[in-house]
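An overview of the molecular structure
Each chain, letter by letter, is given below.
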There are 2 protein chains.
Amino acid sequence: MATDQAGSDASEGDAYEQFENRVRRISNVGNAAGILRWDQEVVMPDEGTPARAQQLSTLSSLSHELLTADETGQLLDELEDTDLEDEQAAVVREIRRQYDRETSVPQELVEELSATASNAHPTWKQAREEDDFEQFAPTLEKLVELKREYAAHIDPDADPYAVLFADYEPYIDLETAERVLERLREKLVPLIDAIQESDADLATDAFAGEFDDDDQEALARDVLDSLGYDWDRGRLDTAPHPFSSGTQFDARVTTRFDEEDLLGSITSTVHEFGHANYTLGLPDEGYGTPLGEARDLSVHESQSRLWENHVGRSRPFWEHFLPVARERFPSLEDVTPEAAYEAANQVYDDNLIRVEADELTYHLHIVIRFEIERDLIRGDLDVSEVPQVWNDKYEEYLGVRPETDAEGCLQDIHWSHGDFGYFPTYSLGSVLAAQLYAAAEDDRGPFDEEIREGEFDDLNGWLREHIHQHGKHFVTPELIERATGEELTADYFLEYVESKYGDLYELEDY
Amino acid sequence: MATDQAGSDASEGDAYEQFENRVRRISNVGNAAGILRWDQEVVMPDEGTPARAQQLSTLSSLSHELLTADETGQLLDELEDTDLEDEQAAVVREIRRQYDRETSVPQELVEELSATASNAHPTWKQAREEDDFEQFAPTLEKLVELKREYAAHIDPDADPYAVLFADYEPYIDLETAERVLERLREKLVPLIDAIQESDADLATDAFAGEFDDDDQEALARDVLDSLGYDWDRGRLDTAPHPFSSGTQFDARVTTRFDEEDLLGSITSTVHEFGHANYTLGLPDEGYGTPLGEARDLSVHESQSRLWENHVGRSRPFWEHFLPVARERFPSLEDVTPEAAYEAANQVYDDNLIRVEADELTYHLHIVIRFEIERDLIRGDLDVSEVPQVWNDKYEEYLGVRPETDAEGCLQDIHWSHGDFGYFPTYSLGSVLAAQLYAAAEDDRGPFDEEIREGEFDDLNGWLREHIHQHGKHFVTPELIERATGEELTADYFLEYVESKYGDLYELEDY
């Protein structure tokens, strides 16, 4: 029964058919779990959790068992000795990688990690509430230790942080990521200094005031309409922590509304549109295999950041969108596009919180987390030193020093989930967004005029052609090379921010 | 790997633990599929269907493989030779039954049936639209033939219709069901005749007029509030065909709104509340096994009918609820509770459509379908004869003759799904509802006064104690016997309708 249990019809068809059938089942189980998680965040009644947790745990173990079954390994071995079409080989490459990682880690360790992480969450939350790092430290130590163990199972000879990073970004090597982040630190620290010393006074109060939630929701739908969101394959709902999820047939967006933060709901909606729009650009015929799945975190984030920043924070966007916004909020009548543009791009000089950061300082928040988690995992830094090092780095890079751990090293949820190696993908996403946007403008001419007209098909067409339609066909470096003609580089992002903020803040040397 | 694939940890714990672990996984997969189906009916975007169909098909084959795995059979054999606790034995009994049925039918036949049914649906729909039974006849023949084959695999020596009936109602034998339906026919035909000859003129226009959908939704929430629905474990949405689904942690209700049919949305909401309220009464600790699952279709329908008819169509309910309804719809100001009661209980003398039938004629619609499908499956009736026989029976039992097959034998979706043996459970549900309500009043005194006060805890407490909390612990006849002291009987339903309608229509002999 083993075969039948793990992959139905595995006895029929040739090896690739059997393999693809098995891959589709794994994908369908994963997509079903995605719907259950969306439901949990968006519509599930409060007391549904105990049953939902069991349903998700069963689906995840079934998916693990399908992937790590002997039959999967046998089919992979057989197919790797077979002459396959290019796309078939890509599917085999992606599943082989997952198979090798999941089979190399003992199930007991996986379960201990997930149990430790579940318990870590409330501990972290309380420690943050009580501003008491000591409460969280032992749990953090345990998570670091388990993650090092986990990395050693996957590759005992490799840098454990590189192994963990590869869980989120499998095909961009850590050296490249480090080079990019290092470059951001070198260039952004002086740029931010210059901005903080600048006398330019930006109009920052364009969106001051209170804005009704229902009108904000109507405006969020206007945003999605105007960007070309396909409502026949998606929907908009609210969630405490906005996210988007789904497949090319059903890619849903969530956002949040704060009566005092209209700008935040607009930028968050545009950001999530970027994610969903990538998913909707994946080929229908690829559904169920990696050919119909998005590339990894950095590429996904490049799509949300491209729309949020290069489109949504641009002058022409506000020239186009402000009249739309005025329809919902007549109080914006006297706001000029320039004022909206400046409000959407102000750089805070005293920001300690990553999720409240602007487009520029954001990356120093990331660099700090990256340097700390890398040293923790490599054993070069002790958990007890984290608060001190954190605060020193904030002072050095951003010129601000947290007075509490709550607004310092306890602010993010990621480490409490055992997510070490995740943070860099945020900055890599922004860097790639700038590189892709430059390449797109290089191909199709500048988009400003079109954006001013509320016309986004040309830009989106380029993204569909060069990124979305390829799914996981190409590994990330090849995808980037084919789309931009270059390997991943911070140059375009730095040019973009230096010219944008040099102009906004009237900086002489930029 | 077989064991690990079919039931993780199947190597740990004693046989019952291994077995229960496997049962919980099957249940979790089924409940996950339930959420996917709710999502599809209620919130899924239009074009999500292709992916959803694949996700559901994968979950259903995984569930089938877990159930029919060799390990399941071995554990069942071992446990049946073990001295088990009463509740454990009940779980083994329920899974054994499912295991025997699913292992006895070849997977090819299951797949042919499901493929034929999927294709039958559009064929039936078009035939109905074009009022052309001939178009549907060949498909119906094929479905009948496949279902006879299916029944023969399960028990070659049994009456095939009895085998199919047991798919929906496993523990009530067909003889009992036939005896009940026969009794309904004998007694209801003359009662309905008498009503049709009665001169009593009921106030039937209490709910005439147009009623805004949003206000109807607010009122539907009032209905659920007043019946005691637990919003922390449920929600209300709209769906074209109202249903309820979920678990004891999350039991959701859907309803529909028609501006010209306020009464319909109220009664449909009360009906679905009855289903969800049963689910919410299942024991939390039983989640994932049959001990935490509802008994079969007739018992489930008894819960919806009890609330819809014995509560929602009663005089005291309208004395309680009309003032609530007036808050939403001031136009109801001049409607009296008596007029609302009469409108909610009028018997139509020219009704051809089951889903539009009243509480009384409804059962003759069922009897007709039951007699026809039984004879089809037994081979005593040819598909080509169905329209003629259908129309003759309508004339004989209800005194009306359909002029078209669209409003005749093509009106219901069930046969196009291959659902033969399902219809009787609707009437058995009403019959059981009356029997349970009588037993509850016998134990707790009449509920009229409480219902008039909008107080339903006493009635619901009795249902929790005697029905809901037992899940599938007892087989249906034992559950009924323990709750009512008798076996299933039509007596209480007939007493109820004869006194209710005898009074409403001023019938001398009733």
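Residues numbered from 1 in each chain as written. Chains lettered and ligands numbered in written order. Predicted model: local features only at pLDDT ≥ 70, side-chain atom pairs only at ≥ 80, totals over all residues. Heavy atoms only, no water.

Some remarks on the overall build of chain A
Helix and strand counts for chain A stand at 21 helices and three strands. Its C-alpha radius of gyration of 23 Å places chain A within 12% of the 24 Å reference for a compact globule of 510 residues. The principal-axis extent of the C-alpha atoms belonging to chain A is close to 70 × 50 × 50 Å. In chain A, which comprises 510 residues, the share counted as buried stands at 58%. Taking the intrachain contacts of chain A between residues at least 6 apart in sequence as the baseline, contacts between residues at least 24 apart amount to 72%. (Helix = DSSP H or I, 4+ residues; strand = E, 2+ residues; numbered from the N terminus. Rg over C-alpha atoms; globule rule 2.2 N^0.38 Å. Buried < 20%, exposed > 50% of the residue type's maximum accessible area, 1.4 Å probe, protein only. Contact = heavy atoms within 4.5 Å.)

Details of helix α3 (residues 49-68) of chain A
Taking 1.5 Å as the rise per residue, α3(A) with 20 residues should run 28 Å; its terminal C-alpha atoms sit 28 Å apart, in good agreement. Among the 20 residues in α3(A), 14 count as buried, and that is most of the element. (Expected span 1.5 Å × (residues − 1).)

Description of the interface of chain A and chain B
Taken together, the contacts link 48 residues of chain A with 48 residues of chain B. Put simply, chain A and chain B have eight salt bridges between them. With its nearest N and O atoms 3.8 Å apart, the salt bridge here joins B:R52 to A:D250. In this assembly, chain A and chain B are joined by 18 residue pairs in polar contact (both at pLDDT 80 or more). Among the elements that make up the side of chain A that touches chain B, the one with the highest residue count is α3(A) (12 residues). (Salt bridge = Lys/Arg side-chain N within 4 Å of Asp/Glu carboxyl O. Polar contact = N/O pair within 3.5 Å; in protein donor to acceptor, adjacent residues only side chain to side chain.)

What to know about the confidence of the model for chain A
Residue and element names in this part refer to chain A. Looking at chain A, the pLDDT average stands at 95 and 97% of residues meet or exceed 70. Predicted confidence for residues 1-12 stays below pLDDT 50, and this span has 36 contacts to residues more than four positions away or in other chains. Predicted as a complex, the structure gets a pTM of 0.94 and an ipTM equal to 0.94. (pLDDT = per-residue confidence, 0-100.)

Points about the pattern of salt bridges
What the rule picks out here adds up to 86 salt bridges over all chains. B:E47 is the salt-bridge partner of A:R233, the closest N and O atoms lying 2.7 Å from each other. Placement of A:R233 in the loop between α10 (213-227) and β1 (236-238) and of B:E47 in the loop between α2 (15-42) and α3 (49-68) is noted, with the two residues assigned to different chains. Shared partners join several salt bridges into a network, and the residues in it are A:D159, A:E178, A:R374, A:D375 and A:R378.

Remarks on the sheet that holds β1(A)
Residue and element names in this part refer to chain A. Spatial strand order, β1-β3-β2: three strands in an open sheet with mixed pairing. Strand pairing shows two members of the sheet lacking a second neighbour, β1 and β2 (244-247), which therefore form its edges. On average, adjacent strands in this sheet sit at an angle of 25 degrees to one another, irrespective of strand direction. As judged from the four bridges shared by β2 and strand β3 (residues 250-255), these two strands associate in the antiparallel manner. (Pairing = 2+ DSSP bridges. Axes fitted to C-alpha atoms, helices over the stretch in contact; angles between N-to-C directions.)

Focus: the relation of the copies chain A and chain B
Note on the copies: chain A fits chain B at an RMSD of 0.0 Å, the axial shift is 0.0 Å, and the rotation between them is 180 degrees. Given the turn and translation reported, the copies of this chain are related as if by a two-fold rotation axis. When the interface residues of chain A are mapped onto chain B, 100% of them are again interface residues, pointing to one common binding face. (Least-squares fit on C-alpha atoms with pLDDT ≥ 70 in both.)

Observations regarding unusual backbone geometry
Excluding glycine, residues mostly carry a negative phi; peptide bonds, for their part, are mostly trans. Residues and elements named next belong to chain B. Positive phi, close to 50 degrees, is recorded for D131, a residue that is not glycine. Examined against the element boundaries, D131 turns out to sit in the loop between α6 (107-129) and α7 (133-154). Positive phi is not limited to glycine here, since E506 has a value of about 50 degrees. Its location among the elements puts E506 in the segment after α21 (491-504).

Section: the UniProt feature "active site" (unreviewed entry) in chain A
Residue and element names in this part refer to chain A. As recorded in UniProt, the feature "active site" (unreviewed entry) lies at E272. Not counting chain neighbours up to four residues away, the residues in contact with E272 comprise P242, F243, S244, V253 and T254. Looking at E272, its side chain comes within polar contact range of the side chain of S244, at 3.1 Å. (UniProt positions renumbered as here; feature names shortened; annotations may be inferred.)

Concerning the UniProt feature "binding site: Zn(2+)" (unreviewed entry) in chain A
Residues and elements named next belong to chain A. The positions UniProt marks with the feature "binding site: Zn(2+)" (unreviewed entry) are H271, H275 and E301. The greatest C-alpha distance among the annotated residues, which extend across 31 residues, is 8.9 Å, indicating that they converge on a single site. For H275, a relative accessible area of 12% corresponds to the buried category. Look past the residues within four positions of H275 in its chain and what remains in contact with it is S244, H300, E301 and S304. Note that E301 resides in helix α12 (residues 297-311).

Describing helix α15 (residues 362-378) of chain B
Residues and elements named next belong to chain B. Taking 1.5 Å of rise per residue, the 17 residues of α15 would be expected to cover 24 Å, and the 24 Å separating its terminal C-alpha atoms lies within 8% of that figure. With 16 of 17 residues buried, α15 lies mostly within the body of the structure. At the exit of α15 stands G379, carrying a positive phi of roughly 80 degrees.

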